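Here is what each chain is made of, one letter per residue.
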Amino acid sequence: MKKKLLISFCGFFSIFTVFAQQTIITGSVKDGVTFEPIPDVTISVEKTTLSTETDAKGVFVFSGNVPLGEQMLNVSKPGYQTKRFPIVVNENRTVDLSDITLDVDVTTSQGLFTITLSDDELNDDTTGADNISGLLSSSLDVFQRTAAFEFSPSFFRLRGLDSDNGSVLINGIEMNKMYNGRPQWSNWGGLNDVVRNQELTTGLTPSAYNFGGVLGTTNINTRATNYRPGGQLTYSSSNRSYTNRLMASYSTGLMEEGWAMTVMLSRRWGNEGYQDATLYDSKSLFASVEKVINDKHSINFTSIYAPNRRGKSAPNTQEVYDLKGIKYNEYWGWQDGEKRNSRFKDVEEPILMLNHYWDISSKTTLNTNVGYQFGKTGNSRLDYGGTRLNDDGFPIGGGSNPSPAYYQKLPSYWLTPTAGPNYANAYLAEQEFLNDGQIDWNSLYQTNLENVGNYSTYILYEDRNDDKQWTFNSILNSELNENIILNAAVNYRKLKSQNFAEIMDLLGGNGFLNVDSFDGFQFDLQNPNRIAIEGDKFKYNYNLFANVLSGYAQAQFKYNKIDFYLAGSVSKTDYQREGLYDNEANTGNSLGKGDKLDFTGIGAKGGFTYKFSGKHLFDANAGYITRAPSLRNTFSNARVNNNIVPDITEEKITSFDASYIFRSPTIKARVTGFYIKTEDANEISFYYADGVTGFTESSEFVSEILQGIDKIHLGVETGIEAQVTPTIKLKGAASVGQYTYDNNPNLILTADAATAPQGPANMKDYKVAGGPQGAYSVGFEYRDPDYWWFGATANFFTNTYVDVSPLTRTANFYKDPVDGLPFNDYDEDIARELLKQEQFDDYMVVNLIGGKSWKIDDYYVGFFASIGNVLDKEYKTGGFEQGRAANYRELRDDMSNDTRVFGPKYWYGRGANYFLNLYFRF
């Protein structure tokens, strides 16, 4: 008996000795208030694939292939503040992290920043909607957070780039539009509670889903099993874009028989936001259902339907703002006692996707996805070109511009040599604009009713594009060994985009003649002199087709002192236009399918992170990308013909960045230098110009093709945060850049079927517009142990520039449109002053935010409130030169006036504004 006990004891001791000699990381996680164990907390070793979760007792254990040396442990769970712990792992030793505490994250539970951005800034049509890639993120990096939450209302763009340089995915399916390369955030607006599960990369750093762009990748994960069981009810009030919002969400968690479901409903509405008459009406529905078939296979179905309709606001000249203030909006007028906006954006594009997840082994996964998006995007406006046929069969009629801010209705017009100066009329125009200054809907109806045959001179119509897009892809991730991870994917996207104008309201008339009132051309020769009624297509009608096949492969190598990666991609893109109208001004080149265009894109990137220690790191990334131009910048005027941009080719992007990173339990900091060069880009614009050469008339509505654009984006971005006490955190961030044109691109004008090459536009060294090139922020957060908190930031912006008109920088500027010869009174010194790029004044914006939450049994109740621009500072966030005064004499005469008639049009930021949010989580 004693012998058996001795053998058993020795055997137990041997097992214990083997266990003790293993390399182990273990610990437990508890609630910071109740000190109760927290299950299902994710514990991961950063820069590796090692990850585990706490059990029902809040305990976790890592053993086996645990990396040695200085590591960073990440402890996270939705609804709690994420914590990171630097640790040192020694061979055959145990790292014990017992009784880690997590505090409820009030900002996460309330969706603080997601609410204020995705529902507000991201639904704007102006460049403010295009400022930051990945705005829905709550990145741990203080600079990224500051850029998204503090800089974005000032039209700030990360590294001065448009959002088409970053990829936004949902469940691995790319959501960037093929028309312009940008994500349409409003397609999932209002669904804050269900789009917060995100995996983020910044810059060129590697993503497990795609090759990405130079601004990184954001993947929104909507798998039903990833959501915390329970629900949340939210009410919000604001004076920004909408005035009210209600949200409700619920997740079942994984149920018996392997089913999980998450649903969400949301409604946002308001008769008026910060700008006058900007009505907002949006409904959002979300459902995600997952079936876990077995431990290898799972299928998830996601549906998103978020129709939204909102009234637009206009950019204005400084004269208009001086007379009416920064809330003024020219697009509306009174009708039957209510404000009626003539310009609405209406988006209704449901998203359906089916995702299959296959765990081939413990180290290899294959994710295969099918996505389908369809629906419509419409932008309404007034048309005042309605005509009728006279006895000889010629169109006659047409109306005056109904805009109350049309230049001939403003006082400055009556003070020009052309119209005066007529001080009496200037005074009358000023008083009429001050006392009213809105669209006269009644006069539009009256004109139509009094017309012969009640034909409509004025109508309300909508520019529509109805898209149908399929996406198929398959994403492979495999841990080849403890040091090497392989990522690869193949992707195919197919788009059919129907584009047309549709009559919404005849404004009391009986029909609208489908003829161009300016030159009498038929919009559709196959149906001449057609009378269009409400619901009919008219003016233009065409399809765009696009196919993109792409693939990428990436290898990540992770070692104790250095991590590095290499990645490559290839893509094949084809575009084609199909005209459905035979446009008389472009007959022979408008009806039917045009040539199919093919582009080949390649990408190569690599980078490394060198870990001097757990606190000090150096990171560098470099890449070269060629990509197809967007559909928008490929066809010179797709509404009327099949013409493409001459000699069009792929865009080329070269990017490099290097960072020093410091991280400790109390201080986190990063400083990054970056260089990005873009070559062979194209931009297409449409406007009315006076004083152009190369056409029969010197005043024309033109399509401007700026071809072969090179730009350089050079700068430094930095962020630092310090937990100076357990309750007080100080933070600061800055971005200092210089974003300039690097060449003199070629400029071509077209009008109807005519083409007028203008030669090079002298753009080199002009600043690229698009928000401030210098942005700085300092602030603090106070978080009380009793779950109330308060924060304030002061944000300073500098080096913001107006977007210059390329046409005035061409030879057209100094040529007489009559004979094409140089002006005999041209003065280079005056010209230099005329063409000087306007720089806006520097400004500072102060923001406040605070809130409180309570835990009642298993429920959470809380609120927060934010006040933006507390000091009510008025500031310009952007603007553009009008191309109307297109030559030296036109521009000189316009700028000689005390108030410019065709001065730049500006956007102003909001004055003091607020956002209030109440929530109940169960």
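Residues numbered from 1 in each chain as written. Predicted model: local features only at pLDDT ≥ 70, side-chain atom pairs only at ≥ 80, totals over all residues. Heavy atoms only, no water.

Trainee: Is there a simple way to explain the packing of aromatic side chains in this structure?
Mentor: Centre distance and the angle of the planes are the two values used to describe a pair of aromatic rings. Taken as a whole, this structure holds 44 aromatic pairs when the rule is applied. Aromatic pair Phe-920 and Phe-922: ring centres 5.8 Å apart, planes at 25 degrees, arrangement stacked. Look at Phe-920 and you get partly exposed, because its relative accessible area is 31%. Of the aromatic side chains, those joined through ring pairs into one cluster are Phe-151, Phe-156, Phe-797, Tyr-843 and Tyr-875. The ring of Trp-332 has Lys-339 lying over it, and the distance from NZ or CZ to the ring centre is 4.8 Å. Across the ring face of Trp-789, the terminal group of Arg-783 is positioned such that the distance to the ring centre comes to 5.4 Å. (Phe/Tyr/Trp six-rings, centres within 6.5 Å; stacked < 30°, edge-to-face > 60°. Buried < 20%, exposed > 50% of the residue type's maximum accessible area, 1.4 Å probe, protein only. Lys NZ or Arg CZ within 6 Å of the ring centre and 35° of its normal.)

Trainee: Just checking my understanding: could you explain the pairing of strand β1 (residues 24–31) for this structure?
Mentor: Successive side chains on a regular strand alternate, one facing one side of the sheet and the next facing the other. When you tally the buried positions in β1, you get eight out of eight residues, the bulk of the element. The side-chain alternation of β1 yields two buried faces, one formed by Ile-24, Thr-26, Ser-28 and Lys-30 and the other by Ile-25, Gly-27, Val-29 and Asp-31. Across seven bridges, the pairing between β1 and strand β7 (residues 94–102) is parallel. Its bridge partner being in β7, Lys-30 is matched across the sheet by Thr-101. Here four bridges tie β1 to strand β4 (residues 59–62), and the two strands are oriented antiparallel to one another. Among the inter-strand pairings, Gly-27 is bridged to a residue of β4, identified as Phe-60. (Helix = DSSP H or I, 4+ residues; strand = E, 2+ residues; numbered from the N terminus. Pairing = 2+ DSSP bridges.)

Trainee: In this structure, what is going on with a nonpolar patch on the surface? I would like to understand it.
Mentor: A cluster of nonpolar side chains, Val-736, Tyr-776, Phe-796, Met-844, Ile-867, Val-870, Leu-871, Tyr-914, Leu-916 and Leu-918, forms an exposed patch at the surface whose accessible area comes to about 810 Å². The dominant element in the nonpolar patch, judged by the number of residues it contributes, is strand β47 (residues 913–921), at three residues. Among the structural elements, Tyr-914 can be located in strand β47. (Patch = residues over 30% accessible without salt bridge, like charges linked within 9 Å, V, L, I, M, F, W, Y side chains within 5 Å. Areas by Shrake-Rupley, 256 points an atom, 1.4 Å probe, with all protein chains shown as cover. Salt bridge = Lys/Arg side-chain N within 4 Å of Asp/Glu carboxyl O.)

Trainee: Quick question: what am I supposed to make of the nonpolar core here?
Mentor: Nonpolar side chains tend toward joint burial in soluble globular proteins. Within the largest apolar cluster, 56 residues are counted, with the highest numbers of intra-cluster contacts made by Leu-749 and Leu-807. When residues of this core are assigned to their parent elements, the largest contribution, five residues, is made by strand β36 (residues 667–690). (Core = buried A, V, L, I, M, F, W, Y, C linked by side-chain atoms within 4.5 Å.)

Trainee: Is there a simple way to explain the environment of Gly-614 in this structure?
Mentor: Within the secondary structure layout, Gly-614 lies in the loop between β33 (597–611) and β34 (616–627). Here the alpha-carbon distance between Gly-614 and Ile-720, two residues 106 residues apart in the chain, equals 17 Å. Setting aside residues up to four positions removed in sequence, Gly-614 forms contacts with Glu-70, Met-72 and Arg-663. (Contact = heavy atoms within 4.5 Å.)

Trainee: Hey, could you run me through unusual backbone geometry in this one?
Mentor: With glycine set apart, most residues show a phi of negative sign, and most peptide bonds adopt trans. Between Gly-420 and Pro-421 the backbone carries a cis peptide bond, its omega angle lying at 10 degrees. The residue Pro-421 is located in the loop between β25 (395–397) and α6 (423–435) in this model. Backbone geometry at Asp-336 places phi at a positive 50 degrees, although glycine is not the residue there. You can see Asp-336 is positioned in the loop between β19 (332–335) and β20 (338–341). Judged by its relative accessible area of 72%, Asp-336 falls in the exposed class. A positive phi is found at Asp-752, a non-glycine position, where the angle reads about 55 degrees. Relative to the helices and strands, Asp-752 is located in the loop between β39 (746–751) and β40 (754–760). Taking relative accessible area as the criterion, Asp-752 reaches 36% and is therefore assigned partly exposed.

Trainee: Can you walk me through the pairing of strand β44 (residues 859–868) in this structure?
Mentor: Here β44 shows one buried face, formed by Tyr-860, Gly-862, Phe-864, Ser-866 and Gly-868, and one open face, formed by Tyr-859, Val-861, Phe-863, Ala-865 and Ile-867. Two elements, strand β43 (residues 843–856) and β44, share nine bridges in a ladder whose sense is antiparallel. Its bridge partner being in β44, Ser-853 is matched across the sheet by Gly-862. Where β44 and β47 come together, nine bridges link them in antiparallel fashion. Considered in β47, the bridge of Val-861 is made with Phe-920.

Trainee: Is there a simple way to explain the sheet that holds β1 in this structure?
Mentor: Working definition: the strands of a sheet are paired by backbone hydrogen bonds and lie parallel or antiparallel to each other. Read from one edge of the open sheet, three strands run β4-β1-β7, paired in mixed fashion. The open sheet is flanked by β4 and β7, the only strands paired with a single partner. The sheet shows a mean angle of 15 degrees between the axes of neighbouring strands, taken without regard to direction. (Axes fitted to C-alpha atoms, helices over the stretch in contact; angles between N-to-C directions.)

Trainee: Would you mind going over the side chain of Asp-276 with me for this structure?
Mentor: By the secondary structure assignment, Asp-276 is in the loop between β14 (259–270) and β15 (280–292). Lys-339 provides the closest opposite charge to the buried, salt-bridge-free Asp-276, at an N-O distance of 4.8 Å. In this view, Asp-276 contacts Lys-327, Tyr-328, Asn-329 and Trp-332; residues no more than four positions away in its chain are not counted. (Lys, Arg positive; Asp, Glu negative; His and termini not counted.)

Trainee: How should I be thinking about empty space enclosed by the protein in this particular structure?
Mentor: Over the atoms a probe the size of a water molecule is rolled, and this reveals where empty space is left. The full count for this structure, using the stated rule, is eight cavities of 30 Å³ or more. Counted as a void, the second largest cavity has a volume near 80 Å³. (1 Å grid on protein atoms, 1.4 Å probe; cavity = no way out; pocket = protein on both sides within 12 Å on 5 of 7 lines; lining within 4 Å. Points joined across faces, edges and corners; volume = space filled by probe spheres on them.)

Trainee: For this particular structure, what's the right way to read α6?
Mentor: The periodicity of an α-helix, 3.6 residues per turn, causes residues three or four positions apart to be oriented the same way. Taking 1.5 Å per residue as the helical rise, α6 with its 13 residues ought to reach 18 Å, and the 18 Å between its terminal C-alpha atoms agrees with that figure. If you follow the buried residues of α6, they end up packed against α5 (318–324). Taking the backbone nitrogen of Ala-424 as reference, a side-chain oxygen 3.3 Å away marks Asn-422 as the first, capping residue of α6. Gly-437 occupies a position one or two residues after α6 and carries a positive phi of about 70 degrees. (Expected span 1.5 Å × (residues − 1). Polar contact = N/O pair within 3.5 Å; in protein donor to acceptor, adjacent residues only side chain to side chain.)

Trainee: Before we go on, may I ask you to explain the pattern of salt bridges in this structure?
Mentor: Two side chains that carry opposite charge are able to pair once their charged atoms sit near each other. Scanning the entire structure with this criterion turns up 40 salt bridges. Across the salt bridge formed by Glu-717 and Arg-159, the nearest N and O atoms sit 2.8 Å from each other. Separated by 558 residues along the polypeptide, Glu-717 in strand β37 (residues 699–723) and Arg-159 in the loop between α4 (142–151) and β8 (167–170) bring together distant segments of the chain. Just as Glu-717 is buried, Arg-159 falls in that class too. In the salt-bridge network here, residues are joined through shared partners; they are Asp-141, Arg-159, Asp-657, Arg-670 and Glu-717.

Trainee: Where do I start with the sheet that holds strand β46 (residues 905–908) in this structure?
Mentor: Read from one edge of the open sheet, three strands run β18-β46-β45, paired in antiparallel fashion. Each edge of the open sheet carries a strand with a single partner, namely β18 (316–317) and β45 (876–880). Relative to β46, β45 runs antiparallel, the two sharing four bridges. Note that in β46 the partner of Gly-878 across the bridge is Trp-907.

Trainee: Help me understand the environment of Phe-433, please; the structure alone is not making it clear to me.
Mentor: The topology assignment puts Phe-433 in helix α6. Considering only alpha carbons, one finds Phe-433 and Leu-254, 179 residues apart in sequence, at a separation of 62 Å. With residues near it in sequence (within four places) discarded, Phe-433 still touches Val-320, Leu-323, Lys-324, Tyr-328, Pro-404, Ala-405 and Leu-410.

Trainee: I keep staring at a positive patch on the surface and nothing clicks. Help me out?
Mentor: A surface patch of positive charge is lined by Lys-468, Lys-494, Lys-496, Lys-593 and Lys-596. Within the secondary structure, Lys-593 sits in strand β32 (residues 592–593). By relative accessible area, which is 52% here, Lys-593 ends up exposed. (Charge placed at Lys NZ, Arg CZ, Asp CG, Glu CD.)

Trainee: Even after reading the chapter, I still don't get helix α9 (residues 888–896), so can you show me in this structure?
Mentor: Of all the positions in α9, only Tyr-888, Leu-891 and Asp-894 are classed as buried. For α9, the buried positions fall inside an angular range of 145 degrees around the axis, keeping them on one side. Packed against the buried residues of α9 are α8 (828–834). Capping of α9 at its N-terminal end is provided by Asn-887; its side-chain oxygen lies 3.2 Å from the backbone amide nitrogen of Arg-889. (Arc of directions from axis to C-beta.)

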